[in-house]
Amino acid sequence: MQAEFAFTLNGQATTVRAEPAQSLLETLRDTCGLKATRLGCGMGQCGACTVLLDGEAVHACDTSIEVAAGRAVLTVEGLGNRAAPHPLQLAFVEEQALQCGFCTSGMLMRSAALLQRNPHPSEDEIRQALDGNLCRCGVHNRVVRAVRKAAKA
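What you are looking at is a predicted structure, and each value in this text was computed from that prediction instead of being measured.

Asker: Any details on the environment of T31? Residues and values, ideally.
Answerer: Note on placement: T31 falls in helix α1 (residues 24-31). Accessibility expressed as a relative area gives 41% for T31, which makes it partly exposed. As a C-alpha pair, T31 and C61 span 30 residues in sequence and 14 Å in three-dimensional space. Those residues in contact with T31, other than ones at most four positions away along the chain, are V16, Q22 and E26.

Asker: Give a detailed account of the sheet that holds strand β4 (residues 56-59), specifying residues and quantitative values.
Answerer: The strand order across the open sheet formed by five strands is β2-β1-β5-β3-β4, and the pairing between neighbours is mixed. Lying at the two open borders of the sheet, with one neighbouring strand each, are β2 (12-18) and β4. Each adjacent strand pair in this sheet contributes to an overall mean axis angle of 40°, direction not counted. Sheet topology places strand β1 (residues 3-9) next to β2; seven bridges connect them, and they run antiparallel. Note on β2: the bridge partner recorded for F7 is T14. Against the sheet, helix α5 (residues 104-117) contacts β3 (50-53), β4 and β5 (72-74), and its axis sits at roughly 35° relative to β3.

Asker: Give me the lowdown on the layout of surface pockets, citing residues and values where you can.
Answerer: In this structure, the largest pocket spans a volume of roughly 250 Å³. What lines the largest pocket is G40, C46, A48, C100, F102, C103, L134, C135, R136 and C137. Classifying every residue of the lining of the largest pocket by side-chain character gives eight nonpolar, one polar and one charged. Formed jointly, the lining of the largest pocket draws a minimum of three residues from each of two domains, domain 1 (3-78) and domain 2 (87-151).

Asker: Before we move on, could you go through the nonpolar core and cite the residues and values that matter?
Answerer: L88, F92, M107, V143 and V147 are the most contacted members of the largest nonpolar core, which has 26 residues in total. The set of elements that each furnish at least two residues to this core consists of α3 (76-79), α4 (87-94), α5, α6 (123-129) and α7 (140-152). The leading source of residues in this core is α5, at seven residues. Residues contacting F92, with those up to four places away along its chain left out, are A97, L98, T104, M107, L108, S111, V143, A146 and V147. F7, L28, L34 and I65 belong to the second-largest nonpolar core, a separate cluster that totals 18 residues.

Cut-off values and rules
- Residues numbered from 1 in each chain as written.
- Predicted model: local features only at pLDDT ≥ 70, side-chain atom pairs only at ≥ 80, totals over all residues.
- Heavy atoms only, no water.
- Helix = DSSP H or I, 4+ residues; strand = E, 2+ residues; numbered from the N terminus.
- Buried < 20%, exposed > 50% of the residue type's maximum accessible area, 1.4 Å probe, protein only.
- Contact = heavy atoms within 4.5 Å.
- Pairing = 2+ DSSP bridges.
- Axes fitted to C-alpha atoms, helices over the stretch in contact; angles between N-to-C directions.
- 1 Å grid on protein atoms, 1.4 Å probe; cavity = no way out; pocket = protein on both sides within 12 Å on 5 of 7 lines; lining within 4 Å.
- Points joined across faces, edges and corners; volume = space filled by probe spheres on them.
- Nonpolar A, V, L, I, M, F, W, Y, C, P; charged D, E, K, R; others polar.
- Domains from an automatic or database assignment.
- Core = buried A, V, L, I, M, F, W, Y, C linked by side-chain atoms within 4.5 Å.

Put into C-alpha cells, the structure is as follows:
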C-alpha cells in the first residue's frame with residue numbers, strides 16, 4: 001500500500017507516494033526523474049548507486065524510501081552543475097577520472113562524503129573510502145588523483 005514520504009532532496013523539500021519498500025534508487029530515478037544515480041549490481045556491492053543520506057554515503061539500491069523519510073538526500077545532481085560545479089566534479093574532469101562514466105556519480109558521492117568528514121585525506125584513506133566503488137574501465141588511480149586535487153582546492 002502506497003504512502004507519502006517527505007524528505008529533502010538536493011536541498012528542496014520533496015514528497016513522493018511510493019510503496020514503503022521501494023528503493024531510494026527507484027524513487028530518485030522513476031519518481032523524481034533524477035537519472036544520474038545508476039543501477040549497477042542492485043545488491044549494494046558496486047557503488048554505482050551511491051548517494052548521501054544525511055551526509056553519509058549509502059547504496060540507494062538497497063535503501064528503502066521509508067528509511068530516507070524525514071532525512072536529507074543528496075545526489076550528484078545536487079552536488080554541483082555546469083554553471084557551478086563542485087570541486088570534485090572539476091577535478092574529475094581535469095584528471096580525466098572517468099571513461100564510460102557509469103560509475104562516476106557513485107564515485108563522486110562517495111568522495112564527497114569522504115571530504116565532508118575528512119577534508120585532507122591521505123591517499124590510503126581515499127583508496128579505503130572508495131574500496132566499495134567498482135569501475136570496470138580501470139580509472140581508479142585517476143579518481144584518487146582527482147580526489148586529492150579536490151581536497152587541495
